[in-house]
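# Notes for the structure review
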Amino acid sequence: METLTKKKANISGTLETIYERRAVRKYKHQTVDRKIIEQIIDAGRMAPSAINKQPWKFYILTDKDLIHSFSKEIGKVAAKGVLKTGVKGIINSLRGPFHLLQGIKFVMTSDPVFHGAPVVIFITAPKENEWASLDVGMCAQNMMLAAKTLGLETCPIGFAKFVEQTNLYSKLNIPDSEHVLLAIILGYGDEKPEVHQRKKDNVIYIDPL
Ligand SMILES: Cc1cc2nc3c(=O)[nH]c(=O)nc-3n(C[C@H](O)[C@H](O)[C@H](O)COP(=O)(O)O)c2cc1C
């Protein structure tokens, strides 16, 4: 009976973490202990992966100045991309992964890509693995939920893929056979973003009632 109650409490804990996680874009100037980073990565490693390939690799930045330099360089490449797509592209990009406020912040802030976070984790996978994006997505979600459980905040950074087009890319020592699919930033949060309402009109039951 006691075990059942404990199990129930754990389940609600997991759900709570899922509902409480937000994309956080403001961080305290507080470093993150390496043991905590390791714990978060280990949770990522527990994600399922197609044919159990575990294709992910983690390249980690914790140096403030280096993170800032990467952010600036990636920001420049990303901005060029936005310019190429023209005004329509800008409007679309603001409607897409970013809402308007984020778009304005992106242009205005000094760290437009990594949002001043003390830890950046680039996640790569072999280029030839067709399932890797899905695997890395699951790995990243595990990491973000683990971080939340440990009292940290995170944000997935799709823009990080532009790192490959920057002069700094060679500093990461990522082999040619791999590519960056995503980065996760993490640290102690300094904001509590609103919940974005979730769309509810996306379920189709096929079986008759
Ligand atoms: C694949 C992916 C890429 C993302 N890329 C960025 C990014 O480059 N910069 C950023 O600030 N947020 C990025 N986000 C965060 C989303 O904007 C955020 O998750 C979404 O607005 C929902 O907000 P929530 O996570 O607080 O629920 C990304 C999210 C995902 C899943």
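Heads up: the structure comes first, above all this text.
What you see is a predicted model; the values in this text were computed from it and never measured.

## Notes on the sheet that holds strand β2 (residues 119-126)
Taken in spatial order, the four strands line up as β1-β2-β4-β3 in an open sheet, and their pairing is antiparallel. Each having just a single partner strand, β1 (57-61) and β3 (153-157) make up the two edges of the open sheet. The mean inter-strand angle of the sheet, taken between neighbouring strand axes irrespective of direction, is 25°. Where β3 meets strand β4 (residues 178-187), five bridges bridge the pair, whose relative direction is antiparallel. Following the sheet pairing, Glu153 is matched in β4 by Gly187. Together, β2, β3 and β4 form the strand contacts of helix α5 (residues 132-149), whose direction differs from that of β4 by roughly 10°.

## Topic: unusual backbone geometry
Positioned with a positive phi, Gln54 is a non-glycine residue whose angle comes to about 45°. With respect to the element layout, Gln54 can be found in the loop between α2 (34-45) and β1. Despite not being glycine, Asn173 shows a phi value in the positive range, around 55°. Here Asn173 lies in the loop between β3 and β4. A count of 7 C-beta atoms within 10 Å places Asn173 in the exposed class.

Rules used in this analysis
Residues numbered from 1 in each chain as written. Predicted model: local features only at pLDDT ≥ 70, side-chain atom pairs only at ≥ 80, totals over all residues. Pairing = 2+ DSSP bridges. Helix = DSSP H or I, 4+ residues; strand = E, 2+ residues; numbered from the N terminus. Axes fitted to C-alpha atoms, helices over the stretch in contact; angles between N-to-C directions. Contact = placed C-beta atoms within 7 Å. Buried ≥ 20, exposed ≤ 12 C-beta atoms within 10 Å, placed from the backbone.

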